[in-house]
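Analysis of the macromolecular model
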Amino acid sequence: MTKNSSSKIKIPSTGSLQLDLGLVMFFVIVIALLVQLIFLGEDFLDGHLRERLKPPGYNGPQGGYHIFGTDQLGRDLFFRVMGGLPWSLGISGVAVICVAVIGTTIGLIGAWYENWIRTTVLLGVSAMIAMPFLVLALVVTALFERGFWTLSLTMGFIAWTAVSRVIYAEARGLLTREYVLAARLFGVSKWSILIFHILPGLRPTILVMAAFFFAVLLIIESALSFLGLGAPLNAPSWGNMLSDSRQYLVIAPWMMLVPAVTIVWSVISLNLIGDGIAELSRKRARAVEV
Amino acid sequence: MTDREEKNNRINVDQDEKEDANLVTASAGDVETIPVAQQTVRTILRRLAELVFLLLFVSTLLFFLLRLTGDPAAILAGETGDQEQLELIRKQYGFDKPLYVQYGVFLMKMLVLDFGTSLANAQDALGLVFERLPTSFTLVLIAFTANLIISIPLGAWLGSRPDRTGRKLGSTGVFILQGIPGYITGLILIQVFSVELRWLPSIGNQGPESWIMPAITLASFQAPQVIRVISANVSEAMREDYIRTARANGAGFNTLLWRHALKNAMLGATALIGAQVSFLIGGSIITEVIFAWPGLGRLLVTSVTTLDFPVVQAAVFVISVFVYLSITATDLAFIFIDPRLRRQRA
């Protein structure tokens, strides 16, 4: 990491404005998540029916101050959005780890073997990519009980195909490098080459893909909940909140806006991080060439 | 191939196209050319193999998941079914036979496109799907066309001079739009145009004005991404040597942008545009639910929720075939457009 040395007050910077901004935005989310997990828990999720559908800034006689207003059951939207953090981020976070691990492994396997294994991997991956991801996720999640692990693992086991295709292409490029050839000549085993020689070279790609997929999976998770097939009905996931808000668009638009803004905030921060890392690695590659 | 040779080839590509787009035998240097017919057949066969693989994989997955996660006979009987009824249903649908026999029967029936009847109303599952297909197809087609009409010029404009203030603002706007999921766009559109302004109907298919919001919503799922890719490709293409050469030869800025840079930028965006259809179908499910649109997506959501599996299998089948038809069409179109795809690696 390079330090921003031009100004007198040293602000730590990664060298990419997008990445800096994205990290700051993501930092806010992480702080909110910690506050939720450590201090709030599930204590404030219940509502008072007497204070239902109150606008943002409503000062209730008994329930206290509702900065973001309340929903159709009088539940405070600020606390619900906070309560949704572990759901929405947790589900897509677990899913993105699965996606990165499975996608990288399959991509590396396809790149290493030059026989029927590669043919099968390529055929399978391009076939699976064609299937609309949402359709598959929708159909599979419907069969299982709705829950955190069902949803995250289903998404993780379906979404890896695009990652593995990119990893495959990159890894094949790296495999033709001279240092890999040298390692092969020295008799280094194939898994050692893949893990110690190829994988480090793939790090920026994996990070970029992970950031983008985190955002995509966050969107898909909310979409599934929105369709009524994602997180359990009473869970305060952001998709569930959006789904609830549809019937009250006319009288309580804030019910839609509050979860919408949090989803957009998270997605944009992740997109910024992904773009920023991509930009940095491009810059570095150019610097090496010159 | 060295860097310089590759660049020379790109110039040749550009010139080839100018001379004669159909001149198949025109080749650059030592690169071999494959006849269009052969390339076409090869592409179709490859895509067909992928389609068969996909159909087998998905329907097998669904078949076994359905039987492993619960008792299909219990779903059929509903809450009122007693033991006797369950036995009857098992016999009638063949659930009493071993799993591999059931699977074999299922595959054989799929070969002749027999998915059974809907559990909800005993109608033919495939017929139900085909009934809904035209509505969804029209919606996807409108969104796809709108997307291209908006994205290509906008992307080219943003990418042509990316350092100017106006374009920078535009790019930022597109970036923010990319962060807004389609279902939120849909809800905001309803809020603004149906609830506040009362200009457009928010639900159903009631004449041309009811098409506007679903189409915009669906297009918004992908448009920002396409705009960004095209803009990045154009701005990269504008720095290439062949653009400098053309400029030195006295070509105007507009010719440079629309005739030379955009053409090459579009070729780079092929994969994305082909994959569009798949994304759009995924997006159409949500769009149809938001706008209570009587299409395939809503049928799928309803039958998934009620575990109406013959209809789900039929819908997934039809969607896969539909996606593959459009991907193959894109592939073939680009074989004709891009001469580089007709060349074999030397």
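Note that this is a predicted model, so its numbers are computed, not measured.

Here's the deal with the domain arrangement of chain B
- Taken domain by domain, chain B consists of domain 1 (72-112) and domain 2 (125-341).
- Distance between the C-alpha centres of domain 1 of chain B and domain 2 of chain B: 41 Å.

Topic: the side chain of A:Ser225
All names here are of chain A.
- Position of Ser225 among the secondary structure elements: in helix α8 (residues 190-226).
- A distance of 3.4 Å separates a polar atom in the side chain of Ser225 from a polar atom in the side chain of Ser237.
- When sequence neighbours within four positions are dropped, the list of residues in contact with Ser225 reads Gly230, Ala231, Ser237, Gly239, Asn240 and Ser243.

Some thoughts on empty space enclosed by the protein
All names here are of chain B.
- A complete count under the given rule lists six cavities of 30 Å³ or more for this structure.
- Estimated volume of the largest cavity: approximately 100 Å³.
- Mapped by element, the contributors of at least two residues to the lining of the largest cavity are α6 (125-160), α13 (270-290), α14 (296-305) and α15 (309-337).
- Considering every element that reaches the lining of the largest cavity, the biggest residue donor is α6, with four residues.
- Classifying every residue of the lining of the largest cavity by side-chain character gives nine nonpolar, three polar and no charged.

Observations concerning the side chain of A:Ser88
All names here are of chain A.
- Considering the arrangement of structural elements, one finds Ser88 in helix α2 (residues 77-112).
- Of the residues examined, Ser88 reaches a relative accessible area of 0% and is grouped as buried.
- A distance of 3.4 Å separates the side chain of Ser88 from the side chain of Glu221, its partner in a polar contact.
- If sequence neighbours within four positions are ignored, Ser88 has contacts with Leu218, Glu221, Ser237 and Trp238.

Here's the deal with the interface of chain B and chain A
- Taken residue by residue, the interface counts 44 residues in chain B and 39 residues in chain A.
- A combined buried area of about 3700 Å² lies between chain B and chain A, and 83% of that area is made up of carbon and sulfur atoms.
- There are one salt bridge connecting chain B and chain A.
- With a shortest N-O distance of 2.4 Å, A:Asp275 and B:Arg228 are connected by a salt bridge.
- Run the count over chain B and chain A and you get seven residue pairs in polar contact (both at pLDDT 80 or more).

Let's talk about the packing of α6(B) against helix α7 (residues 165-178) of chain B
Residues and elements named next belong to chain B.
- Interaxial distance between α6 and α7 falls to 9 Å at its minimum, and their mutual angle equals 130 degrees. The angle between the axes of α6 and α7 places the two elements in the oblique class. Crossing hand, α6 versus α7: left-handed. Side by side, α6 and α7 meet where Trp157, Leu158 and Ser160 of the first sit next to Arg167, Gly170, Ser171 and Val174 of the second.
- Broken down by class, the residue content of the contact of α6 with α7 amounts to three nonpolar, three polar and one charged.

A short note on the environment of A:Ala137
All names here are of chain A.
- Mapped onto the fold, Ala137 is located in helix α4 (residues 133-143).
- Spatially, the C-alpha atom of Ala137 lies 35 Å from that of His197, the residues being 60 residues apart in sequence.
- Aside from chain neighbours lying at most four places away, what touches Ala137 is Ile158 and Leu224.

Details of the packing of aromatic side chains
- This model, assessed by the stated rule, comprises 12 aromatic pairs over all chains.
- With a centroid separation of 6.3 Å and an interplanar angle of 70 degrees, the aromatic rings of A:Phe26 and A:Phe214 are classed as edge-to-face. Here A:Phe26 is found in helix α1 (residues 17-40), whereas its partner A:Phe214 is found in helix α8, with 188 residues between them in sequence.
- Assessed through its relative accessible area of 22%, A:Phe26 is described here as partly exposed.
- According to the relative accessible area criterion, A:Phe214 is buried, its value standing at 14%.
- With 5.0 Å between their ring centres and 85 degrees between their planes, B:Phe63 and B:Phe64 make a pair best called edge-to-face.
- Residue B:Phe64 is classed as partly exposed on the basis of its relative accessible area of 26%.
- One residue, A:Arg184, lies across the ring of A:Trp112, its end atom 4.6 Å from the ring centre.

Reading guide: rules and limits
Residues numbered from 1 in each chain as written. Chains lettered and ligands numbered in written order. Predicted model: local features only at pLDDT ≥ 70, side-chain atom pairs only at ≥ 80, totals over all residues. Heavy atoms only, no water. Domains from an automatic or database assignment. Helix = DSSP H or I, 4+ residues; strand = E, 2+ residues; numbered from the N terminus. Polar contact = N/O pair within 3.5 Å; in protein donor to acceptor, adjacent residues only side chain to side chain. Contact = heavy atoms within 4.5 Å. 1 Å grid on protein atoms, 1.4 Å probe; cavity = no way out; pocket = protein on both sides within 12 Å on 5 of 7 lines; lining within 4 Å. Points joined across faces, edges and corners; volume = space filled by probe spheres on them. Nonpolar A, V, L, I, M, F, W, Y, C, P; charged D, E, K, R; others polar. Buried < 20%, exposed > 50% of the residue type's maximum accessible area, 1.4 Å probe, protein only. Buried area = accessible area lost by both parts, 1.4 Å probe. Salt bridge = Lys/Arg side-chain N within 4 Å of Asp/Glu carboxyl O. Axes fitted to C-alpha atoms, helices over the stretch in contact; angles between N-to-C directions. Parallel < 35°, antiparallel > 145°, perpendicular 65-115°, else oblique. Left-handed = near helix turned anticlockwise from the far one by under 90°. Phe/Tyr/Trp six-rings, centres within 6.5 Å; stacked < 30°, edge-to-face > 60°. Lys NZ or Arg CZ within 6 Å of the ring centre and 35° of its normal.

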